[in-house]
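Summary of the model geometry
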Amino acid sequence: MTGRHRRPPTGEQTALPADVDLRLLAITQGRTVTEEGIATLPGAAHAYAYRTLYRPDGSVDRLLERLAPGPLHLPGFPPAG
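Residues numbered from 1 in each chain as written. Predicted model: local features only at pLDDT ≥ 70, side-chain atom pairs only at ≥ 80, totals over all residues. Heavy atoms only, no water.

We now examine the overall build of the protein chain. The number of helices and strands found in the protein chain is one helix and three strands. Mapped from its N terminus to its C terminus, the protein chain presents α and β elements in the order α-β-β-β. Here the protein chain holds 81 residues, and 12% of them are scored as buried. Taking as baseline every contact in the protein chain between residues at least 6 positions apart, the subset at least 24 positions apart corresponds to 21%. Total accessible area on the protein chain is roughly 6800 Å²; 56% of this is exposed by carbon and sulfur atoms. (Helix = DSSP H or I, 4+ residues; strand = E, 2+ residues; numbered from the N terminus. Buried < 20%, exposed > 50% of the residue type's maximum accessible area, 1.4 Å probe, protein only. Contact = heavy atoms within 4.5 Å. Areas by Shrake-Rupley, 256 points an atom, 1.4 Å probe, with all protein chains shown as cover.)

Core analysis: the largest hydrophobic core is formed by five residues, namely Val20, Leu25, Ala26, Val33 and Tyr54. If we skip the residues at most four places from it in the chain, valine 33 touches Leu22, Leu25, Ala26, Thr52, Leu53 and Tyr54. (Core = buried A, V, L, I, M, F, W, Y, C linked by side-chain atoms within 4.5 Å.)

What follows covers the confidence of the model for the protein chain. Per-residue confidence for the protein chain gives a mean pLDDT of 76, with 62% of residues at or over 70. Within the protein chain, the lowest mean pLDDT, 86, falls on helix α1 (residues 22–29), and the highest, 91, falls on strand β2 (residues 47–54). (pLDDT = per-residue confidence, 0-100.)

For the rest of this paragraph, the subject is the sheet that holds β2. Sheet architecture is open: three strands sit in the order β1-β2-β3, paired in antiparallel fashion. Looking at strand neighbours, the two that pair on one side only are β1 (33–40) and β3 (60–66), the edges of this open sheet. Taking the axes of each pair of neighbouring strands and ignoring which way they run, one obtains an average angle of 15° across the sheet. Relative to β3, β2 runs antiparallel, the two being bridged by seven bridges. (Pairing = 2+ DSSP bridges. Axes fitted to C-alpha atoms, helices over the stretch in contact; angles between N-to-C directions.)

Time to look at the side chain of threonine 52. With respect to the element layout, threonine 52 can be found in strand β2. In this structure threonine 52 touches Val33, Thr34, Glu35, Val60, Asp61 and Arg62, once residues within four positions along its chain are discounted.

Quick look at the structure:
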């Protein structure tokens, strides 16, 4: 976007920086951007897979799924049942 007293970006200026917000990247490029990975919560024994979809209209879809099988319980508390 150009301002009143600013020239439009050219060459290397048109590239977004590597650490740009993924929602902004999806909007400016007009495509869905996906971020995914595996995370472990502090003190938890189970790992979680996460996926975040940033859509060009600015909306965000998030998915979090536990990878370890078995009952879910807090550390220090016995499992239910």
